[in-house]
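What the coordinates show
Chain by chain, the residues:
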Amino acid sequence: MSTATQTELRCYHCGQPTPANAPQADGHRFCCEGCQTVYRLLQSSGLCAYYSYETTPGTADARTADRLPELAYLDDETLSRQLLSYRSAEVSVVELKVPGMHCLSCLWLLEQLGRLHPGVRQSEVNLGQRTVRIRFTKAQLSLRGLVELLHRIGYPPVLEAPGTAQGPNPTTAQRRLVGQIGLAGFALGNTMLLALPDYLEVGAVGPSLQLAFNLVSFLLSGLVLYASRDYFRQSYYTLRLGRFAIEQPLVVGIVALWGRSVYEVATQTGAGYFDSLAGLVFFLLVGKWLQQRTFDRLQFERDFRSYFPLGVTALTPAGERTMALGVVKPGDRLVLRGGELVPTDSFLLSPEATFDYSFLTGEATPVLRTQGDLLYAGGRLLAGRVELLAEAQASTSRLARLWERPTTPEATESGYTPTVNRLARYFTLGVLAASAATLAYWLPRDPSTGWLATTGLLIIACPCALAFAAPFALGTLQARFGATGFFLRSSRVVEGLAHATDLVFDKTGTLTDPEGASAEFVPAHGPLTETEAATTQALAATSAHPLSRAVAGTHPLRLTLTDLEELPGSGLSGYHLGVEYRLGQRDYVAPCTCQQKCKAVTALADAPAETRIHLSIGGKYRGYYRLTAQYLPGVFEALTQLAQAGYALHLLSGDGPADRAKLAPYFAADRLRFEQRPEDKLAYIEALKAQGKHVAYLGDGLNDGAALTAAHTGVAITGDTALFTPASKGILLRGQLTQLGRYLRLSRAGVQAVRITFGVSLVYNLIGASFAVQGLLSPVIAAVLMPAISIGSMALATGLAHLALGREPITPPTP
Amino acid sequence: MNILILLLGTSVVVALVFLGAFLWANRTGQFDDTLTPAHRILLDTDPTLQPDSNQAQPEH
């Protein structure tokens, strides 16, 4: 009964809870107009079987199905040519990435596109890569029409020209690996068969036949070596760079086995170990394939690009509006506020502005750009509000790549933590030393056992746990974090979170919700005129700071201010018709010059119990905006829990001490600091680090960029705004802050999983090695055991991470 | 015993044919998507002929 009520109250299309006045159709309830629109469309085309393969198959993407984005640019011939993978006079073929597809119903519907529009000749889905390949008749359907159709059925595609996709084609890489596995498997099957007589009894077949068997095995081993060529290539490259890599001990093992076998066959002293060699390479490749498959899945899940809240403000004839970054096209006029990043290569339309390119170039001095200059994507506007003319198509992935790019030298491109790389080096050296010692011990006594022992040792020593544990355990967590609104630059950030001892918070925009903030003007000398109020709001609108936004309100103002300046942590200033407007801290704006104790001054004398932004116009103090902050729901409970979990909590706020009383129960007195300028915050973090604390900083990155970078783990808090904070190692949706405790516990569990996996593999290696050095371990058994530990450590690391996730469920953000 | 040499040659040749077939299939992309066909087989050939199970449910 209760379940029936629940299903009735859920959206028939996407399964979200429905509001009381939910739109309805045919007795079904919908959460929004978008879902209803999709339903109506499918209903009218007789495609309701969509709802019978899976219940509520729709995605949240359907919510905007009734509001089509601006897609006129798809009519552009050059752009559409880039997107199409084939075109003739009549037919075009396009392959679109549709992140929303996830189930049988999606597959079915997307392959029925022809029934929705006669122009679609054929559509074929690849569920694994979430792409759909569509052949359509140009005369009947344009590319724009096709994309709009997909939007209308709730499957908006991600439009990215084929050339902008990064890295080598994953399909080619996978085909290559599958081909290698096939070759190695072929060689393995045949060599095992040929080796059988030798295992049964020496001389079971005549000497001539044995020689023929050996020769065929030898020829087959050529295939095996060919199949393992990637290991040789990689270890050669890393060796030339003077580094150690996990491939090197493997290659040593392969060469040892092959050389030994060829020697035996050539001297006719035995049949060699061609079968173990083929087995070794085959299982290695299978392990690599498994690893790649799992990685691809993780990669897809943590591909935040598909749901990353990245938008830009564009200037359209209808006024300013926020649009998704991906749909920005050349010729668009964009608006940038202080603190925001240049989203794509563009020309500056405003007279001049200062940009910080330190993140791209490492050059700390901001650069001045004047009208008409070309700005490269990634620069951060220091202050003011400027207009840009987009020169290139914006690509979310390009900005995201900037963010993912390591900025610190210790973050190497290999993807392994420095600890793992160091361990790998010790491991390789240790194995080589042990092998040399084994060989030296056995050679004078029993050369045959010596070779057996050495090759066995080289093979049994498996560094795979080192290679697999961290990427799999932490990668699993990273994927789950990303799906719940906590985006990490790399899985290594999980390690940083796990080690955190001190949590430092910013207040405004981090613990408080800027959307809920309201501003009220308290005049000191008479109210503002309409123009003055409008100008002040326009000035505030040039800044991205939450307090400024509260002052700016929602008015779409188009006043021109000149000589804009923003001093982070202090305030902003600008000129309108020659009159200077200053907005900000008390000591930043012009002091009150009136001789009497005016209202503003008296109010200042008392400790202000509220957050204020002061205003002066033309050098005269005019009063202040009183801001009422609204704390995030549940944030105080979260802070209490974090304190109980043993974290030292700190709060550094740039505002006045208005909320000291409210916050005092959660922060120790000396850790609760107000009126902190950016450099104060930085100094505070540095001081903590000097005490040996492991600091995680959580802030909105607006006036605390330096602190974010300085902290061991800097997490930028963001709403659904266009703010992009490249200095951070993680980006957390504001609503998820209350679950920080869970994220931290999970991170610790992840690091624990890595340690356990290392431990298990160390025990395995020691046991294996103790057999091998005695010559008791035949290479055949070793070649079976080794892949077992590779797959075992992969499974152990992933399993432990999933176990932790099961214990600590994270609620995904509510859209 | 000499028949074994003939068998050996034959088996390797046959196996090589299969290897060639496998490599061809791999190169032409037949292993690229192993997921979708497995799902597609669950779908009805022509859904218009199937009663819409949602419509068939009795109304409350």
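Quick notes on the rules
- Residues numbered from 1 in each chain as written.
- Chains lettered and ligands numbered in written order.
- Predicted model: local features only at pLDDT ≥ 70, side-chain atom pairs only at ≥ 80, totals over all residues.
- Heavy atoms only, no water.
- Pairing = 2+ DSSP bridges.
- Helix = DSSP H or I, 4+ residues; strand = E, 2+ residues; numbered from the N terminus.
- Contact = heavy atoms within 4.5 Å.
- Buried area = accessible area lost by both parts, 1.4 Å probe.
- Salt bridge = Lys/Arg side-chain N within 4 Å of Asp/Glu carboxyl O.
- Buried < 20%, exposed > 50% of the residue type's maximum accessible area, 1.4 Å probe, protein only.
- Axes fitted to C-alpha atoms, helices over the stretch in contact; angles between N-to-C directions.
- Parallel < 35°, antiparallel > 145°, perpendicular 65-115°, else oblique.
- Left-handed = near helix turned anticlockwise from the far one by under 90°.
- Nonpolar A, V, L, I, M, F, W, Y, C, P; charged D, E, K, R; others polar.
- Core = buried A, V, L, I, M, F, W, Y, C linked by side-chain atoms within 4.5 Å.
- Patch = residues over 30% accessible without salt bridge, like charges linked within 9 Å, V, L, I, M, F, W, Y side chains within 5 Å.
- Areas by Shrake-Rupley, 256 points an atom, 1.4 Å probe, with all protein chains shown as cover.
- Phe/Tyr/Trp six-rings, centres within 6.5 Å; stacked < 30°, edge-to-face > 60°.
- Lys NZ or Arg CZ within 6 Å of the ring centre and 35° of its normal.

Considering the sheet that holds strand β28 (residues 730–733) of chain A
Residues and elements named next belong to chain A. In spatial order, the strands read β16-β28-β27-β26-β17-β24-β25; together these seven strands make up an open sheet with mixed pairing. Two strands bound the open sheet, and with one partner strand each, they are β16 (486–488) and β25 (672–673). With four bridges joining them, strand β26 (residues 695–699) and strand β27 (residues 713–718) adopt parallel strand pairing. In the sheet register, Y697 faces β27, and the bridge partner there is G714.

So, the interface of chain B and chain A
Contact with chain B, which involves 32 residues of that partner, is made by 35 residues of chain A. A buried area of about 2,700 Å², summed over both sides, lies between chain B and chain A, and 63% of it is on carbon and sulfur atoms. In this assembly, chain B and chain A are joined by one salt bridge. Elements represented by at least two residues in the side of chain B that touches chain A include exactly α1 (2–27), α2 (36–40) and α3 (53–56) of chain B. With eleven residues, α1 of chain B is the single largest residue contributor to the side of chain B that touches chain A.

As for unusual backbone geometry
Residues and elements named next belong to chain A. In the Ramachandran plot, D26 falls in the positive-phi region, its phi being about 50° despite a non-glycine side chain. You can call D26 partly exposed: its relative accessible area is 48%. Within the chain, T56 stands out as a residue other than glycine whose phi angle is a positive 40°. By the secondary structure assignment, T56 is in the loop between α3 (50–53) and α4 (77–83). For T56, a relative accessible area of 31% puts it in the partly exposed group.

Structural notes on the pairing of strand β3 (residues 84–87) of chain A
Residues and elements named next belong to chain A. In the sheet, β3 pairs with strand β4 (residues 91–97) via three bridges, with the strands oriented antiparallel. Bridged to Y86 within β4 is V93. Following β3, the chain reverses through three residues before pairing antiparallel with β4.

Brief notes about the packing of helix α9 (residues 207–227) of chain A against α1 of chain B
If you want to describe how two helices pack, look at the angle between their axes and the distance between the axes. The geometry of α9 of chain A relative to α1 of chain B is characterised by a closest axis approach of 11 Å and an angle of 15° between their N-to-C directions. When the interaxial angle is binned, α9 of chain A and α1 of chain B end up roughly parallel. Remark: the crossing between α9 of chain A and α1 of chain B carries right-handed chirality. For the pair α9 of chain A and α1 of chain B, contact is made by L209, F213 and V216 of chain A and by L4, I5, L8 and V12 of chain B, respectively. When grouped by side-chain class, the residues that make up the contact of α9 of chain A with α1 of chain B number seven nonpolar, no polar and no charged.

Looking at the packing of helix α18 (residues 492–499) of chain A against helix α26 (residues 740–773) of chain A
All names here are of chain A. Two elements in contact, α18 and α26, have axes separated by 8 Å at closest approach and are oriented at 110°. Overall, the two elements α18 and α26 adopt an arrangement that is roughly perpendicular. The residues of α26 that touch α18, namely those facing V494, E495, L497, A498 and H499, are L744, S747, R748, V751 and R755. Its residues placed into classes, the contact of α18 with α26 shows five nonpolar, two polar and three charged.

What to know about the nonpolar core
Residue and element names in this part refer to chain A. With 49 residues, the main nonpolar core has F481, L503, F505, L511, L663, F667 and L737 as its most contacted residues. Take this core: its biggest share by element is nine residues, from helix α17 (residues 464–483). When residues no more than four places from it in sequence are discounted, the contact partners of L503 are L642, Y647, A648, L649, H650, A696, L740 and L744. Of all hydrophobic cores here, the second largest spans 48 residues; its members include C14, F30, Y53 and V125.

A few points about a nonpolar patch on the surface
Residue and element names in this part refer to chain A. A surface patch of nonpolar side chains, about 380 Å² in accessible area, is lined by V763, I767, F771 and L776. Here F771 shows up in helix α26. According to the relative accessible area criterion, F771 is partly exposed, its value standing at 40%.

Focus: the packing of aromatic side chains
Residues and elements named next belong to chain A. Applying the stated criterion across every chain, the model contains 19 aromatic pairs over all chains. Summarising the aromatic geometry, the rings of Y12 and Y51 are spaced 4.8 Å apart at their centres and angled 25° between planes, so their arrangement reads as stacked. Note that Y12 is positioned in the loop between α1 (2–9) and β1 (24–25) and Y51 in helix α3, a separation of 39 residues in sequence. Taken individually, Y12 and Y51 each receive the classification buried, so the pair is uniform in this respect. Judged by centre distance (5.7 Å) and plane angle (55°), the ring pair of Y53 and W108 falls under tilted. Of this pair, Y53 sits in helix α3 while W108 sits in helix α5 (residues 104–110), and the two are 55 residues apart along the sequence. Across this residue pair, the class does not change: Y53 and W108 are buried. Taken together, Y12, F30, Y39, Y50 and Y51 form an aromatic cluster joined through their ring pairs. The ring of Y226 carries R229 above its face, with NZ or CZ at 4.1 Å from the centroid. The ring of Y588 has R582 sitting right over it, with the charged end atom 4.6 Å from the ring centre.

Scope: geometric values only; no functional claims are made or implied.
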